[in-house]
2 protein chains.
Amino acid sequence: MPTLSVVLEAIRDRGTVSRVELAQATGLTGATITHAVRRLIQLRFVREAGQVSSGTGTPRRLLALVPEACHTVGIQFDRFRTVTVVLDLAGRVVGRRMDAGAGVRDPESMTTALAGIVTALLAETGVARATVLGAGVVTYGPQDQEAGVLLTPQPTDAWQGYPLADELARALGIPVLLENDATAAGLGHAGLGSARSSFATVYMAGGIGAGVMLDGQPYRGSSSNGVELGHISVDAAGEACTCGNVGCLENVAGPTAIVSRARADPALSARVDLAADTLTAFRRIGRAALGGDRAAAELISASANALAIATVTLVNLFDVARVVLAGDAFADVGAVYRDRTQQALARASFIRAVHAVDVELSVQSTDAAAIGGAVTVLRDLFESARRPRVRG
Amino acid sequence: MPTLSVVLEAIRDRGTVSRVELAQATGLTGATITHAVRRLIQLRFVREAGQVSSGTGTPRRLLALVPEACHTVGIQFDRFRTVTVVLDLAGRVVGRRMDAGAGVRDPESMTTALAGIVTALLAETGVARATVLGAGVVTYGPQDQEAGVLLTPQPTDAWQGYPLADELARALGIPVLLENDATAAGLGHAGLGSARSSFATVYMAGGIGAGVMLDGQPYRGSSSNGVELGHISVDAAGEACTCGNVGCLENVAGPTAIVSRARADPALSARVDLAADTLTAFRRIGRAALGGDRAAAELISASANALAIATVTLVNLFDVARVVLAGDAFADVGAVYRDRTQQALARASFIRAVHAVDVELSVQSTDAAAIGGAVTVLRDLFESARRPRVRG
């Protein structure tokens, strides 16, 4: 874990803090702390904040974070939704908005729209663009993260190979990083203070994905395109997916599949207004289920069961002790999925005799991935090598 | 990657080599090489081997490995088989034998049997026990590797919590490490020279497991009990497994399941002698399939299909570019599984547009896990922390 990030986090956690206390809190040497603090002061991220006497010794100078020193932007979009956030250096969300997703727009017009959204949000929140270090744009895979390019013809053929990060950076005038949505949701859930946490994230918005954090670092695999939980087969006799696999979790349990089944049920369609985008319709089905609609509840239950089984697979393969559910699709019915997944893990995880696996619902289901996009920019600033590559 | 291991590997690869050439080959500084070589000579693993003049410069002293300086033992067992190997420091197999598996023996008598096997093998190969650094005992999970204890009531209740590593160490008078069979198969396939390789291992012997190597290090997860491919669900409507899950790959595709189905087919049972232990019977079914027996071929084909689908899951989650098939069950029919898995990955891996995923059959299917047990002892010698723990 990069030193600057650890020190900055320790300052942030404590409000004001002396160098000696920082050394105690982080386990780093005094010399390392001195060096890191000097750099953070140069960056204007940290300032001297008076001093305190401690008994008979030399008074200790205090340090404090300068939260408004810089900001980062996170943008998560899929076909159905765009969530945009602005974070300050303290990791606080100082601006947030939700807009329409990409639909079937071509990448050029979507990029223009995203740039407009960011500009409007910065204006609304009174954040000067000069303080914005960069933006993390967060969406589905496969991606070439280093090149900032999507490697999929979703939602239209024109997106395949489109230089999204470069074009958005040009439109915004700030650096842009590309990140996977499920990985970002994990980063967003853990926040900047994710130095040592390990957990899997199951992410459900327009689609289903997952991410794994190990000791504060995202699991990357050989091309940063791993942990694609939505495209593991949960039904060998299931229908073919555009990905090439059969019975993909996403086609069994994802919002598109559930909404499609709901629309095929005339009685349910009569009770619940499904004339909306997929995510909105899915959330209406979820709220109907919570309100006691039996047909809606059965659809959500089937989805939760399939997701729970796939999460057992995820846990049996990655051997994590904690699973976080995040994403807009969990905003209303997350507790149903959480309980079903917890039950499945308690019954069927291979390692349950060795250690428990706890499931929790992200408190910021809808925004976690966008927040993670903003966090990844800050992490990138501090880390010499953001994405260690694994060679094949 | 630990320096000593890298340097030893470079010496081993080159026969005789100078310190300057070692620095060039490893990218390490001259001072680091000098320090590492001094330690390796102290350990008597490396010796001075004359010198060469290189043009006008000072003659360079040459270094060579002392392969017979030390040995390590690897023991892989399951219910059906025990494979034991002795490796020298060059990683060469200098002794090897195969014996009966644990069957339903209690752990005490199996431990006594294993100690007898090792003693006999050392005598057969003329290896002095004083040169044996340790043994790696390799079997199924879940395990507490640090404690050297099995955490499963397989094959009998008495095995649950039995201090296998300690008891075997006491019986043998040498240190014993416990390792997962599939992880060991990966280590055995890569050998000591696995410094930078990344791949997944799919292991099939009595059961089915898997391992992932990333940059030469096994993926460990939070308790070294990950990558349990045999216990991911490939059939949500499948039968319940003792592990708590339903439709586990092992119960659909593993030797026990295939042999059980073959025995239920009177015509097939009349053609193929299945009155043998499960692994022997499975290999006979495999050879019958290769010989043109249609019923046998259908069973192997069904097994290969299920294994291929599960391997797509493994690849979609871990994003590796290479898959190695290892284990005694692949000894005859490995090519069928390799081809089926390669086809499935070419059709259905999520990342196939980003990078190819190659499937290969380990050239030492039957022995890879035992060899890996011996390799893990050598690695442990060189690494300060063999198994970095991931906190939950």
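For the structure, see preceding data.
**Examining the packing of helix 1 (residues 3-14) of chain A against helix 3 (residues 30-42) of chain A**
Residue and element names in this part refer to chain A. Here helix 1 crosses helix 3 at 80°, and the two axes come no closer than 10 Å. When the axis of helix 1 is compared with that of helix 3, the two are roughly perpendicular. Of the residues in helix 3, those in contact with Thr3, Leu4, Val7, Leu8 and Ile11 of helix 1 are Thr32, Ile33, Ala36, Val37, Arg39 and Leu40. Looking at the contact of helix 1 with helix 3, its residues break down into 8 nonpolar, 2 polar and 1 charged.

**Looking at the relation of the copies chain B and chain A**
Its rotation angle being 180°, the transformation that places chain B on chain A also includes 0.1 Å of axial translation and leaves an RMSD of 0.1 Å. Here the copies are linked by what is in effect a two-fold axis. The share of interface residues of chain B whose copies in chain A are also at the interface is 100%, consistent with both copies meeting through the same surface.

**What to know about the interface of chain B and chain A**
Taken together, the contacts link 50 residues of chain B with 50 residues of chain A. Taken together, the two surfaces of chain B and chain A that pack against each other cover about 4100 Å², and 60% of this comes from carbon and sulfur. Seen at the junction of chain B and chain A, the total is 0 salt bridges. There are 24 residue pairs in polar contact (both at pLDDT 80 or more) connecting chain B and chain A. Counting residues per element, the ones that place at least two in the side of chain B that touches chain A are strand 12 (208-214), helix 11 (294-318) and helix 12 (334-348) of chain B. In terms of residue count, helix 11 of chain B provides more of the side of chain B that touches chain A than any other element does, 7 residues in total. Per-class residue counts for the side of chain B that touches chain A are 23 nonpolar, 18 polar and 9 charged.

**What to know about the state of the cysteines**
Tallied over the entire structure, the rule returns 0 disulfides over all chains. Cysteine 248 of chain B carries a free sulfur, and the closest cysteine sulfur to it, the one in cysteine 243 of chain B, is 3.6 Å from it.

**Regarding the sheet that holds strand 4 (residues 71-77) of chain A**
All names here are of chain A. Strand order in this open sheet of 5 strands is 6-5-4-7-10, and the pairing throughout is mixed. Taken across any chain shown, the strands that pair with only one partner, and hence form the sheet edges, are strand 6 (93-100) and strand 10 (176-180). Geometrically, the sheet is characterised by an average inter-axis angle of 20° between neighbouring strands, direction not taken into account. When strand 4 meets strand 5 (residues 81-88), the two strands line up antiparallel, connected through 7 bridges. The partner of glycine 74 across the bridge, within strand 5, is valine 85. Here helix 4 (residues 107-125) sits on the sheet in contact with strand 4, strand 5, strand 6 and strand 7 (132-139), set at roughly 145° to strand 6.

How each quantity is defined
- Residues numbered from 1 in each chain as written.
- Chains lettered and ligands numbered in written order.
- Predicted model: local features only at pLDDT ≥ 70, side-chain atom pairs only at ≥ 80, totals over all residues.
- Heavy atoms only, no water.
- Axes fitted to C-alpha atoms, helices over the stretch in contact; angles between N-to-C directions.
- Helix = DSSP H or I, 4+ residues; strand = E, 2+ residues; numbered from the N terminus.
- Parallel < 35°, antiparallel > 145°, perpendicular 65-115°, else oblique.
- Contact = heavy atoms within 4.5 Å.
- Nonpolar A, V, L, I, M, F, W, Y, C, P; charged D, E, K, R; others polar.
- Least-squares fit on C-alpha atoms with pLDDT ≥ 70 in both.
- Buried area = accessible area lost by both parts, 1.4 Å probe.
- Salt bridge = Lys/Arg side-chain N within 4 Å of Asp/Glu carboxyl O.
- Polar contact = N/O pair within 3.5 Å; in protein donor to acceptor, adjacent residues only side chain to side chain.
- Disulfide = S-S within 2.5 Å.
- Pairing = 2+ DSSP bridges.

Worth remembering: the numbers are spatial, not functional.
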